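# Notes for the structure review
Chain by chain, the residues:
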Amino acid sequence: MRLVVAGSPAAAVPTLRRLAVSDHEIAAVLTRPPTPQGRKRVLTPTPVAEAAAELGLPVIEASRVDDAVTARIAALDVDLGVIVAYGALLRRPALDTPRHGWINLHFSDLPAYRGAAPVQRAVMAGDASTAATVFQLVEALDAGPVFAAEPFAIDGEATAGEVLAAMAETGAEVVARVVDDIAAGTATATEQVGEPTLAPKTTIEDGHVDFTADAAAVHARIRGVTPEPGAFAHLGDTRVKLLRATRDPGSAGPAPQLAPGALTVHDGRLLVGTGDGPLVLTEVQPAGKKPMDAAAWARGLGDLSGKALA
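Please read these numbers as outputs of a predicted model, since none were measured by experiment.

### Re the overall build of the protein
Counting its secondary structure elements, the protein contains seven helices and 15 strands. Structurally, the protein occupies a C-alpha span of about 70 × 45 × 30 Å along its principal axes. Looking at the protein residue by residue over its 310 residues, the buried ones come to 46%. Counting only contacts in the protein whose residues sit at least 6 apart along the sequence, the fraction spanning at least 24 positions is 64%. With an accessible surface of roughly 14500 Å², the protein has 52% of that area assigned to carbon and sulfur atoms. When the 27 positive and 36 negative side-chain charges of the protein are each reduced to one mean point, those points stand 8 Å apart.

Shown next, in the form of structure tokens:
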């Protein structure tokens, strides 16, 4: 089949690469335009655009699929559209332009976590599992019938970024199987069952850690907002990014009890109090500095008595 593949971030690259070595032809890659990146705000193509260039594939850069973009896709005479985190909604007639419509790879067990941040919200909620789901794209948000869903166990220490990267590889294989089935005429899709939940895009405030919550919830919050928008708290007037934490005590002795947010170094590790027991902070980034070992940062603060993150 002739395909158009739409996507923008790194999570979409494994699917593009997998389809590029399949028996199907990628007629074009649709991705968002370059955006300013870094301190110097250099215009930078999306990871998908860079991968497409490396693969020698034609690229259509567009921030939305308007009439002009739809006409360009129609001129390609494609059989199927494949979309992974393109970053904009598709409406009719764009949805109807490929002969078999569009399929979408979504990183949740639909209808759970419909929306822009399914992995982040699942990790923040402390979920132990999710799924890489391929469904038929419809106008309603992530609501189309499901072709396939591959279960995925969430590592209890992994950040959302790490979970998403692993799921992107798993999802690429699911997409390839569904594309093969559609080409063979054997694909079947089943309507979603259950009460939908939503996964809105994370905000900076989602990264502000509340240490009055229990240790499991604090740990899940830090993992769920890493790397974006990033977990943080304040030590006095200083903003501190919390890059990595663990619930592994790392010592045989009992950890001291701490008030929420209170800090102490125990057995060479930095502990922070939560609503029901301490959590280990392993990597932090104070404002204006580079990421560093959390215990080393704490030792540089001197006496920790009375010091607390909030």
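### Some remarks on the nonpolar core
Ranked by internal contacts, the top residues of the largest apolar core, which has 39 residues, are Leu16 and Ile103. With nine residues, helix H5 (residues 160-184) is the single largest residue contributor to this core. Counting 23 residues, the second largest nonpolar core, distinct from the first, contains Val218, Leu235, Trp297 and Leu304.

### Here we look at the side chain of Thr130
Take Thr130: it is sitting in strand E8 (residues 129-136). Non-local contacts of Thr130, meaning those with residues more than four positions away in its chain, are made with Phe107, Ser108, Asp109, Glu150, Pro151, Phe152, Ile154 and Met167.

### Structural notes on helix H3 (residues 67-75)
Considered for burial, the residues of H3 that qualify are Val69, Thr70 and Ile73. Axial view of H3: buried residues confined to an arc of 100 degrees, hence all on one face. Facing away from the buried side of H3 by over 90 degrees, the exposed positions are Asp67 and Ala75. On its buried face, H3 is in contact with strand E1 (2-7), strand E2 (25-31), strand E5 (59-61) and strand E7 (102-106). At the N-terminal boundary of H3, the capping side chain belongs to Asp66, with an oxygen 3.2 Å from the backbone nitrogen of Ala68. Phi for Asp77, located one or two positions after H3, is positive at around 55 degrees.

### A look at the environment of Ala217
Of note, Ala217 is situated in helix H6 (residues 215-224). Ala217 sits 63 residues away from Ile154 along the chain, and the two C-alpha atoms are 15 Å apart.

### Notes on the pattern of salt bridges
Side chains bearing opposite charge may pair, as long as their charged atoms lie close to each other. Tallied over the entire structure, the rule returns eleven salt bridges. Asp96 is the salt-bridge partner of Arg92, the closest N and O atoms lying 3.1 Å from each other. For Asp96, a relative accessible area of 48% translates into the label partly exposed. Its salt-bridge partner being Asp206, residue Arg121 comes within 3.1 Å of it at the nearest N-O pair. Of this pair, Arg121 sits in helix H4 (residues 118-124) while Asp206 sits in the loop between H5 and H6, placing them 85 residues apart in sequence. Accessibility classification places Arg121 together with Asp206 in one group, the buried group. Connected through shared salt-bridge partners, Asp77, Asp79 and Arg99 make up one network.

Here is what the cut-offs are and how they apply
- Residues numbered from 1 in each chain as written.
- Predicted model: local features only at pLDDT ≥ 70, side-chain atom pairs only at ≥ 80, totals over all residues.
- Heavy atoms only, no water.
- Helix = DSSP H or I, 4+ residues; strand = E, 2+ residues; numbered from the N terminus.
- Buried < 20%, exposed > 50% of the residue type's maximum accessible area, 1.4 Å probe, protein only.
- Contact = heavy atoms within 4.5 Å.
- Areas by Shrake-Rupley, 256 points an atom, 1.4 Å probe, with all protein chains shown as cover.
- Lys, Arg positive; Asp, Glu negative; His and termini not counted.
- Charge placed at Lys NZ, Arg CZ, Asp CG, Glu CD.
- Core = buried A, V, L, I, M, F, W, Y, C linked by side-chain atoms within 4.5 Å.
- Arc of directions from axis to C-beta.
- Polar contact = N/O pair within 3.5 Å; in protein donor to acceptor, adjacent residues only side chain to side chain.
- Salt bridge = Lys/Arg side-chain N within 4 Å of Asp/Glu carboxyl O.

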